Amino acid sequence: MTRREIRELIFKMVFRVEFHDEEEIPQQLRLFMDTLESASDEERTYIEHKVQEILAHLDEIDAIIDSSAQNWKTSRMAKVELTLIRLAVYEIRFDDDIPTGVAINEAVELAKAYGEENSASFVNGVLARIA
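Positions within a chain are numbered from 1, following the residues in the order the chain's sequence is written. In keeping with the predicted nature of the model, local features appear solely for residues at pLDDT of at least 70, side-chain atom pairs appear and are counted solely at 80 or more, and the whole-chain, interface and lining totals rest on all residues. Remark: hydrogens and water are excluded; side-chain values derive from all non-hydrogen atoms of the structure.

J.: What am I meant to see in the environment of Tyr 114 here?
T.: Starting at the N terminus, helices and strands are each numbered in turn, a helix being any DSSP run of H or I of at least four residues and a strand any DSSP run of E of at least two. Along the chain, Tyr 114 falls in helix α6 (residues 100-114). For Tyr 114, the residues in contact, after removing those within four places along its chain, are Glu 8, Phe 11, Lys 12 and Val 80. Contacts: residue pairs with any heavy atoms within 4.5 Å of one another.

J.: Explain the nonpolar core here, please?
T.: In summary, soluble globular proteins display a tendency toward joint burial of nonpolar side chains. We define a nonpolar core as any set of buried Ala, Val, Leu, Ile, Met, Phe, Trp, Tyr and Cys residues linked to one another through side-chain atoms lying within 4.5 Å. Burial classes: relative accessible area under 20% of the type maximum marks a residue as buried, over 50% as exposed, and values in between as partly exposed (1.4 Å probe, protein chains only). Membership of the largest hydrophobic core comes to 40 residues, with the highest contact counts inside it found for Ile 10, Ile 47, Ile 65, Ile 85, Val 89, Leu 127 and Ile 130. If you list the elements that add at least two residues to this core, you get α1 (3-16), α2 (25-34), α3 (41-56), α4 (58-68), α5 (79-94), α6 and α7 (119-130). Of the residues forming this core, the biggest block, nine residues, is contributed by α5. If we skip the residues at most four places from it in the chain, Val 89 touches Ile 61, Ile 64, Ile 65, Phe 94, Leu 127 and Ile 130.

J.: Just to check I follow, could you spell out a negative patch on the surface for this structure?
T.: Each patch is assembled from residues with relative accessible area greater than 30% and no salt bridge, linking like charges that lie within 9 Å and nonpolar side chains (Val, Leu, Ile, Met, Phe, Trp, Tyr) that lie within 5 Å. Per-residue and other accessible areas were derived by the Shrake-Rupley procedure at a 1.4 Å probe size, with only the shown protein chains allowed to occlude residues. Salt bridge, as applied in this entry: a Lys or Arg side-chain nitrogen positioned within 4 Å of an Asp or Glu carboxyl oxygen. Note that His is not counted, nor are the chain ends; the positive residues are Lys and Arg, and the negative ones are Asp and Glu. A charge is said to be at NZ when it belongs to Lys, at CZ for Arg, at CG for Asp and at CD for Glu. A surface patch of negative charge is lined by Asp 21, Glu 22, Glu 23, Asp 59 and Glu 60. Here Glu 23 shows up in the loop between α1 and α2.

That's the geometry; what it means functionally is another story.
Written out as structure tokens, the structure is:
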């Protein structure tokens, strides 16, 4: 599995956070991990670790986004864009293994695939201010 595919899976799991109560997240993570039949044990461990780390830093990440996104708060953002920005902010601020440019580029590419027509430019703009 490529890094891009792994990042996409992390995005999909973190996206679920918006639709479930906090106490449901561990069960949702288990259900999600059960669907990853083609993932190796190492990939599963990596994905689960990253998701848990993002969720552990979610309040900090949202504060960073809220202070950087002009005229936008996380509560007003579309869920796809918000999830992609959260993932990228985690990678920029808390993951030393991912270069900032890669985090932004990957978020923009995922926004093109999963977002609306203007999602990629919105995600890029917010992340550029944060970076």
